[in-house]
Amino acid sequence: MRRGARRSMGGTARLGHAGLALLAVLGAHCRGGEQRDDGIIAIGGDITEIVYELGAGDRLMAVDTTSVYPPEALETKPNVGYMRQLSPEGVLSVGGRHVLASEGAGPPETIAALQASSLDYVVIPDDPSPEGIVAKVRAVAAALGEQAKGEELAARVASRLEDLAEKRTRIEGPPVRVLFVLAVRNGRAIVGGEGSSAEAVIELAGGVNAVTGVVDYRPLGDEALVALAPDAILTMSRTSERHTLEELDTLAGIKSTPAMRNGRMYQMDGQRLLGFGSRTPDAASELMDLLYGPISK
């Protein structure tokens, strides 16, 4: 297992006396539990699925709540919590010595504590692009010391991405304008804007993001939703969210869209759709079929 080249050298300085005292207490606690020199804590569902595809699932000591695939990950491994709301206690108490974490993990003070601890903390890049997926596979494989297997998996993923790109060239007619809704909260739709992973997967599927002038994920009111006039609306299924397609039907702005009037409302597995892991090429291909129907060869 290589050391985390991207470990922050300023982590200790940012912790302060209270944080260092916490680490001392947690270190003493962890020494009393099971320890494995090759034990891995995966923070990020995309990372977890790649670890399993590389045949290293037995080395996982714990995962986060986004690690829903394969199902056995959350069913059989300790859960350290949601990747953006981690606590040092939760991560340090499970006995692993190596953390493979998405660069989106947080909060910052927890990451600083983990980087200042004795753990090997490796940041895995999270670039939502075809090149980023391949780079992610290689980064996880390198952290595991499984470069040969990583190259094999990277080649398979790259091949599926090439097939997807070729499939996009056979789309007929104008591109479908897609509105991605992450959630419904307080009567407003949280939509995927410019630069979001939702926009990236829509483009992989040959569509166009209907949201412009909004960056990342932001709430929109009814008037803004009506003005977008999307051809299709995409949302996701996941057990941690209460929203459903039925909840979208309660929003007046959604009811007024061409997508709703024409029955073009689609729902897909969230982690598979937005995780930009090894399953993303297949998810984008499935989305393309939903948007355009069967594409002739």
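1. Section: the packing of helix H6 (residues 130-144) against helix H7 (residues 147-168)
Close contact between H6 and H7 brings their axes to 8 Å; oriented N to C, the two are set at 165 degrees. Relative to H7, H6 is oriented roughly antiparallel. H7 is crossed by H6, and the crossing has right-handed handedness. On H7, the residues that touch Pro130, Ile133, Val134, Val137, Arg138, Ala141 and Ala142 of H6 are Gln147, Gly150, Glu151, Leu153, Ala154, Val157, Ala158 and Leu161.

2. Some thoughts on the packing of aromatic side chains
Inspection of every chain in the model, using the stated rule, returns one aromatic pair. With a centroid separation of 6.4 Å and 70 degrees between ring planes, the pair formed by Phe180 and Tyr217 is classed as edge-to-face. Linking Phe180 in strand E5 (residues 177-185) with Tyr217 in strand E8 (residues 217-220), this pair joins segments that are 37 residues apart in sequence. Owing to a relative accessible area of 1%, Phe180 belongs among the buried residues under this scheme. Over the ring of Tyr69 we find Arg279, and its NZ or CZ is 3.9 Å from the ring centre.

3. A short note on the confidence of the model for the protein chain
For the protein chain, per-residue confidence averages 88 on the pLDDT scale, and 86% of positions sit at 70 or higher. Counting interchain partners and residues more than four positions distant, the pLDDT-below-50 stretch residues 2-15 has 36 contacts.

4. Looking at the environment of Thr110
Inspection of the secondary structure puts Thr110 in helix H5 (residues 108-116). Judged by relative accessible area, Thr110 falls into the buried class, the value being 4%. The sequence separation of Thr110 and Glu89 amounts to 21 residues, and the corresponding C-alpha distance is 9.2 Å. Thr110 has contacts with Leu86, Ser87 and Pro88, leaving out every residue within four places of it along the chain. A polar atom in the side chain of Thr110 sits 2.8 Å from the backbone oxygen of Leu86.

Each value, and the rule that gives it
Residues numbered from 1 in each chain as written. Predicted model: local features only at pLDDT ≥ 70, side-chain atom pairs only at ≥ 80, totals over all residues. Heavy atoms only, no water. Axes fitted to C-alpha atoms, helices over the stretch in contact; angles between N-to-C directions. Helix = DSSP H or I, 4+ residues; strand = E, 2+ residues; numbered from the N terminus. Parallel < 35°, antiparallel > 145°, perpendicular 65-115°, else oblique. Left-handed = near helix turned anticlockwise from the far one by under 90°. Contact = heavy atoms within 4.5 Å. Phe/Tyr/Trp six-rings, centres within 6.5 Å; stacked < 30°, edge-to-face > 60°. Buried < 20%, exposed > 50% of the residue type's maximum accessible area, 1.4 Å probe, protein only. Lys NZ or Arg CZ within 6 Å of the ring centre and 35° of its normal. pLDDT = per-residue confidence, 0-100. Polar contact = N/O pair within 3.5 Å; in protein donor to acceptor, adjacent residues only side chain to side chain.

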